[in-house]
Amino acid sequence: MIKFLLMVNKQGQTRLSKYYEQVELGKRAALEADMVRGCLARRKEECSFVEYKDYKLVYRQYAALFIVVGITENENELSIYELVHNFVEVLDKYFSRVMENQIMFNLDKVHIILDEMILNGHIVETNKNRILAPLLALDKMAES
């Protein structure tokens, strides 16, 4: 099960966070800072799967952004690794080359995409066209 998904830049600033279990706000900041620091300190040659407290972390770097996913120990790391790549491909398809600024200024749309892919910590959709359909319908309604 997916516990959370974070998108952070190279400076360690969180640009997107989505939690699928209750974590107190005070603990979130410390948890995020500690996890991100650990992932950013790793070299590119090292494995993208890290054990951290009660979680397994799967992270992937895209240009200046890191996507970190916290999962339970019985979740398949490779499927989550591919989910992260699929998420970035969907963002690229919608935004035509996604950048950090687009994520910051379109958080609502990024959350819609994420909600179409993951529900209550479980992967529910991976088809790019089906993921983008509700968002494209909203855009079409906004235009008219």
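Residues numbered from 1 in each chain as written. Predicted model: local features only at pLDDT ≥ 70, side-chain atom pairs only at ≥ 80, totals over all residues. Heavy atoms only, no water.

Engineer: Would you mind going over the nonpolar core with me for this structure?
Structural biologist: What tends to happen in soluble globular proteins is that the nonpolar side chains get buried as a cluster. If you look at the biggest cluster of nonpolar residues, it comprises 29 residues, and the most contacted ones within it are Ile2, Met7, Ile67, Val69, Phe87, Leu91 and Ile113. Secondary-structure elements contributing two or more residues to this core are strand 1 (2–9), strand 5 (65–71), helix 2 (77–95), helix 4 (107–117) and helix 5 (128–143). No other element matches the 9 residues that helix 2 contributes to this core. Here Val69 is in contact with Ile2, Phe4, Leu5, Lys56, Leu57, Val58, Ile80 and Val84, once residues within four sequence places are set aside. By size, the runner-up hydrophobic cluster in this structure holds 16 residues, among which are Phe4, Val23, Leu57 and Val68. (Core = buried A, V, L, I, M, F, W, Y, C linked by side-chain atoms within 4.5 Å. Buried < 20%, exposed > 50% of the residue type's maximum accessible area, 1.4 Å probe, protein only. Helix = DSSP H or I, 4+ residues; strand = E, 2+ residues; numbered from the N terminus. Contact = heavy atoms within 4.5 Å.)

Engineer: Looking at this model, I keep getting lost on the layout of surface pockets. Mind explaining?
Structural biologist: Take a probe with the size of a water molecule and roll it over the atoms, and the empty space left behind shows itself. Approximately 250 Å³ is the volume attributed to the largest pocket. Lining the largest pocket are 14 residues; nearest its centre among them are Tyr62, Ala63, Leu65, Val98 and Met99. Those elements giving two or more residues to the lining of the largest pocket turn out to be strand 5, helix 2 and helix 3 (100–105). By residue number, the principal contributor to the lining of the largest pocket is helix 2, which donates 3 residues. Along the lines of polarity and charge, the residues of the lining of the largest pocket split into 11 nonpolar, no polar and 3 charged. (1 Å grid on protein atoms, 1.4 Å probe; cavity = no way out; pocket = protein on both sides within 12 Å on 5 of 7 lines; lining within 4 Å. Points joined across faces, edges and corners; volume = space filled by probe spheres on them. Nonpolar A, V, L, I, M, F, W, Y, C, P; charged D, E, K, R; others polar.)

Engineer: Explain the environment of Ser48 to me, please; I cannot follow it from the model alone.
Structural biologist: Within the secondary structure, Ser48 is located in the loop between helix 1 (25–40) and strand 3 (49–52). The class for Ser48 is buried, based on a relative accessible area of 18%. Between the C-alpha atoms of Ser48 and Leu78, which are 30 residues apart in sequence, the distance is 9.8 Å. For Ser48, the contacting residues outside a window of four places in its chain are Leu57, Val58, Tyr59 and Tyr81.

Engineer: How do you make sense of the sheet that holds strand 5 when you look at a structure like this?
Structural biologist: Each strand in a sheet pairs with another by means of backbone hydrogen bonds, the pair being arranged parallel or else antiparallel. Read from one edge to the other, the open sheet built from 5 strands follows the order 2-1-5-4-3, with strand pairing classed as antiparallel. Either end of the sheet is taken by a strand with one partner, and the two such strands are strand 2 (14–19) and strand 3. Between one strand axis and the next, the sheet turns through 20° on average, direction left out of account. Sheet topology note: the strand 1/strand 5 ladder contains 7 bridges and is antiparallel. Counterpart to Leu6 in the pairing with strand 5 is Val68. (Pairing = 2+ DSSP bridges. Axes fitted to C-alpha atoms, helices over the stretch in contact; angles between N-to-C directions.)

Engineer: Just to check I follow, could you spell out the packing of helix 2 against helix 5 for this structure?
Structural biologist: If you want to describe how two helices pack, look at the angle between their axes and the distance between the axes. Two elements in contact, helix 2 and helix 5, have axes whose closest approach is 10 Å; the angle formed by their N-to-C orientations is 35°. Relative to helix 5, helix 2 is oriented so that their crossing is right-handed. Residues Asn86, Glu89, Val90, Lys93 and Tyr94 of helix 2 form the contact with helix 5, whose own contacting residues are Lys128, Asn129, Ile131, Leu132, Leu135, Leu136 and Asp139. Partitioned by chemical class, the residues of the contact of helix 2 with helix 5 number 6 nonpolar, 2 polar and 4 charged. (Left-handed = near helix turned anticlockwise from the far one by under 90°.)

Engineer: Mind showing me how you'd approach the pairing of strand 5 here?
Structural biologist: Counted residue by residue, strand 5 has 7 buried out of 7 residues, so it is predominantly covered. In this structure, strand 4 (residues 55–62) lies alongside strand 5, joined through 7 bridges in antiparallel fashion. Among the inter-strand pairings, Tyr62 is bridged to a residue of strand 5, identified as Leu65. Hairpin connection of strand 4 to strand 5: 2 residues between the antiparallel strands, including Ala63 at a positive phi of 55°.

All we've got here are geometric facts, nothing functional implied.
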